[in-house]
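Fold and contact review
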Amino acid sequence: MTLFDIIFTGSKQALEAAKGVVQDAISKKGEEGKVAFPETAYSLPTFYAATGKKLGTLKDLKDALSIVESLIVEEQSLEKALNAGLATALSAEIIEACKYATQEKPYSEPCAGFISDAIIRSLGVPLVTGDIPGVAVVIGEAPSAEEAGKVIKGYQNKGLLVFLVGKIIDQAIEAKVKMGLELRVIPLGYDVTSVIHVVTVAIRAALIFGNVQPGNLGDLLKYTKERVPAFVNALGPLSEIVVSAGAGAIALGFPVITDQEVQEVPHYLIVQKDYEKMVATSLEARNIKIKITEIPIPVGFAAAFEGERVRKEDMYAEFGGGRTPAWELVRKREMAEIEDHKIEVIGPDIDTLGPEGGKLPLAVLVDVAGRNMQEDFEPVLERRIHYFLNYIEGVMHIGQRDIMWLRISKSSYEAGLRLHHLGEVLYAKMLDEFGSIVDKVQVTIITDREQVEELAKEVAKPRYEARDARLAGLTDESVDEFYSCTLCQSFAPAHVCVVTPERLGLCGAVSWLDAKATKEINPTGACQPIVKGVARDEVKGIWDSVNKAVEELSHGATKEICIYSLMDNPMTSCGCFECICGIMPEANGVIIVNREYTGMTPLGMTFGELASTTGGGMQTPGFMGLGRQFITSKKFISAEGGILRLVWMPKELKEALREKINARGKELGYDNFADMIADETVGTDPDSVTEFLTRVGHPALTMDPIM
Ligand code: SF4
Ligand code: NI
Ligand code: NI
């Protein structure tokens, strides 16, 4: 059999299996039985993206089988083979959809099955910043658990997002790979068809970020090929179905690397039998480059360890978190004042705590100097301490400034991790990420209680206060420049954020100071200053300079934005926004919903559904993505009346922002304004919400008509 014949055989097998599964599901649930994947606005995403059709019932699935069939044309050409591969992907999607249609909970620990839209959106920023440099799909079975572990950890240590399908999952468990979304290793399922759950991640990325129109298969395949840095490792004996699924991956632009004897297709189907080289060959095949900073510490160091928790039972040492005094500070110094790479620990190290471990006070003082360093960048660098320390295996960092909280695990302690290693990490990473503004870094770690407390009073607190005063004085009016950010263009090619002191990027990760620092670090990079000049309309926030920049950077897609308006040319959204704001006409106001909230909203749509109506760099008056912090900014939809328009938000978000909401409300003449905002405990239907608003006398009801 030729490779093509194997592919055709596989796609026919997959189609037959899909037919059987659909028939079976219909016999259980009837033709009108509902079909839906959980927490997505994109129906069966592969089908929807490829054909523009949303499938909602088992009958729809049955009808869709003929589309799949039409894709299988057995001619010996690459094009037909790739189409057959897509057919296999569609069959797999149908089979998986039937699982969700007929079973209460088709996937259980450790397997994830279908991935929600919200998770995909949350991956936007780490993917564009290169924090997640790529996506590995490992399917099948390695010769041994040890080899499986080596390959998976190889990717994990480089920060890749790894999806596992098949027996490799058990091998990973046996090899003690730390798994879970927060650790970037996600077991999908044991059946080969569960691979579709990573395929739809790539496909929804195109719909969410890329503004690819459903039904435009050509654009879809171009997007995944050019913008989704994924590849497949197909390990162990290859069935025809796996080979044809591999053809599907290749159609999407994802190279397949296998340890089996197959006929190679240059760049796309590559044989690598040496497990030592599997990781390198795969990264090379997808052209994923990884910057490696060698850091001399006895435990792992990778972005993938960021989300790792250190639980009480596993903990050896603890600092801060209200239990001991602890703080961290990045301080700008003069070049002559510090000594590069000096790492000093003052006070007892953790090995003085005895076999049971314990608590210590802690001060982490990072002194930096450099010709391009500015005091304004201190908080930008300081916020990175959280990430750098979290990247250490067995170290958990929470909070910042003098509410920081650090834990070190027993196993990392036993592996030899000591406090000066934290200094090594901070030293290496500060230079690595901020090398163009920082020339010298010196780290002082103090555990001596008296000194920690004294320096807190004399050095840290005054510095925090000075910064807060600076931030409070930093308004849109007080600066000459705004910044554009186009970081998300690698996924959302038409999107531009305009970042101002009072409006941070919608991802929540880029403040005006961050943008300013980014410009300094990389003068030709993603953040560029926009010299504001005189406003054309101060209320709506229109500047000719801003419009010119936006038009240029969006390649003509957006010609005008009103920075302070929701209704009139609002800022575009890429897809990775923390929250979405949308109008609720019945209440003459707006609702806001955050990504974490999975319930219904009074607009009759979930976060995911609302989010799907805006994104990909489109302008959608009445809807926009935004960062959490922007909600309590003076400039939040100030053209429409600001926060007083806010009538509904999920309780959790409201509680997290309560103080700031109340402070902002008070400035506008309302005490305890947070209590006037409805949430899901009041209701998620327009009637109960408006009834509540009337009862509490919410100001939106009597404001000018919003539309
Ligand atoms: Fe993306 Fe905007 Fe955040 Fe920049 S500021 S990373 S463009 S969402
Ligand atoms: Ni960690
Ligand atoms: Ni984005």
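Predicted model only: the values in this text are computed from it and were never measured. (Residues numbered from 1 in each chain as written. Chains lettered and ligands numbered in written order. Predicted model: local features only at pLDDT ≥ 70, side-chain atom pairs only at ≥ 80, totals over all residues. Heavy atoms only, no water.)

1. Some details on the sheet that holds strand 8 (residues 326-332)
Ordered in space as 8-11-14-9, the four strands form an open sheet in which the pairing is mixed. The strands lining the two open edges of the sheet, one partner per strand, are strand 8 and strand 9 (342-346). Put simply, the sheet's adjacent strands are angled 10 degrees from each other on average, direction ignored. Taken together, the seven bridges between strand 11 (residues 362-369) and strand 14 (residues 440-446) define a ladder with antiparallel strand orientation. Along strand 14, the bridge assignment pairs Val-368 with Val-441. Relative to strand 14, helix 15 (residues 419-434) is tilted by about 155 degrees, and along the sheet it contacts strand 8, strand 9, strand 11 and strand 14. Strands strand 8, strand 9, strand 11 and strand 14 of the sheet are contacted by helix 16 (residues 449-473), whose axis makes an angle of about 55 degrees with strand 8. (Pairing = 2+ DSSP bridges. Helix = DSSP H or I, 4+ residues; strand = E, 2+ residues; numbered from the N terminus. Axes fitted to C-alpha atoms, helices over the stretch in contact; angles between N-to-C directions. Contact = heavy atoms within 4.5 Å.)

2. Points about the coordination of the nickel ion (ligand 2)
Every protein donor of the nickel ion (ligand 2) is accounted for by Asn-390 (O), Ile-392 (O) and Val-395 (O), and the metal-donor separations fall at 2.2 to 2.6 Å. Counting along the primary sequence, the residues that act as donors to the nickel ion (ligand 2) give the motif N-x1-I-x2-V. Here Asn-390 and Ile-392 have matching classes, each one buried. (Donors = N, O, S within 2.8 Å, 3.2 Å for Na, K, Ca; no water. Buried < 20%, exposed > 50% of the residue type's maximum accessible area, 1.4 Å probe, protein only.)

3. Some words on the site of ligand 1
All residues in the neighbourhood of ligand 1 are listed as Cys-485, Leu-487, Cys-488, His-495, Cys-497, Gly-505, Leu-506, Cys-507, Val-510, Cys-574 and Cys-576. The class makeup of the residues in the shell around ligand 1 is nine nonpolar, two polar and no charged. (Near = heavy atom within 4 Å. Nonpolar A, V, L, I, M, F, W, Y, C, P; charged D, E, K, R; others polar.)

4. Overview of the packing of aromatic side chains
Where two aromatic rings form a pair, the distance of their centres and the angle of their planes describe that pair. Scanning the model with the defined rule gives 16 aromatic pairs in all. Relative to Tyr-100, the ring of Phe-37 has its centre 5.4 Å away and its plane inclined at 80 degrees; by these criteria the two rings are edge-to-face. Of this pair, Phe-37 sits in the loop between helix 1 (3-29) and helix 2 (45-51) while Tyr-100 sits in helix 4 (residues 78-102), placing them 63 residues apart in sequence. Both residues of the pair, Phe-37 and Tyr-100, belong to the buried class. Measuring from centroid to centroid gives 6.0 Å for Trp-543 and Tyr-564, while their planes differ by 85 degrees, and the two rings are edge-to-face. A residue pair is termed long-range when its members are at least 10 positions apart, and Trp-543 in strand 19 (residues 542-543) and Tyr-564 in the loop between helix 18 (544-553) and strand 20 (579-584) qualify at 21 residues. Across this residue pair, the class does not change: Trp-543 and Tyr-564 are buried. Following the ring pairs from residue to residue traces out a cluster consisting of Phe-37, Tyr-100, Tyr-107 and Phe-114. Stacked on the ring of Tyr-48, the Lys or Arg Lys-54 has its end atom at 5.0 Å from the ring centre. (Phe/Tyr/Trp six-rings, centres within 6.5 Å; stacked < 30°, edge-to-face > 60°. Lys NZ or Arg CZ within 6 Å of the ring centre and 35° of its normal.)

5. Observations regarding the domain arrangement of the protein chain
We note that the domain assignment places domain 1 (3-102), domain 2 (117-285), domain 3 (303-450) and domain 4 (481-702) within the protein chain. Its C-alpha centre places domain 1 at a distance of 39 Å from the equivalent point of domain 4. (Domains from an automatic or database assignment.)

6. Notes on the sheet that holds strand 15 (residues 481-485)
In spatial order, the strands read 16-15-17; together these three strands make up an open sheet with antiparallel pairing. Looking at the sheet topology across the chains shown, the edges are occupied by strand 16 (497-499) and strand 17 (527-531). Direction aside, the axes of adjacent strands within the sheet are offset by 35 degrees on average. Relative to strand 17, strand 15 runs antiparallel, the two sharing five bridges. Bridge assignment links Phe-482 to a residue of strand 17, and that residue is Ile-530. Across the face of the sheet, helix 17 (residues 512-521) comes into contact with strand 15, strand 16 and strand 17 while running at roughly 75 degrees to strand 15.

7. Some words on the coordination of the nickel ion (ligand 3)
Ligation of the nickel ion (ligand 3) by protein atoms is provided by Cys-488 (SG), Cys-574 (SG) and Cys-576 (SG), these donors lying 2.1 to 2.3 Å from the ion. When the donors of the nickel ion (ligand 3) are listed by position in the chain, the intervening gaps give C-x85-C-x1-C. Remark: Cys-574 occurs in the loop between helix 18 and strand 20 and Cys-488 occurs in the loop between strand 15 and strand 16; sequence separation between them is 86 residues. For the residue pair Cys-488 and Cys-574, the accessibility class agrees, reading buried in each case.

8. Examining the environment of Leu-161
Within the secondary structure, Leu-161 sits in strand 2 (residues 161-165). Separated by 24 residues in the primary sequence, Leu-161 and Val-185 have C-alpha atoms spaced 6.1 Å apart. Other than its neighbours up to four places away in sequence, Leu-161 contacts Leu-123, Ile-132, Gly-134, Val-135, Ala-136, Arg-184 and Ile-186.

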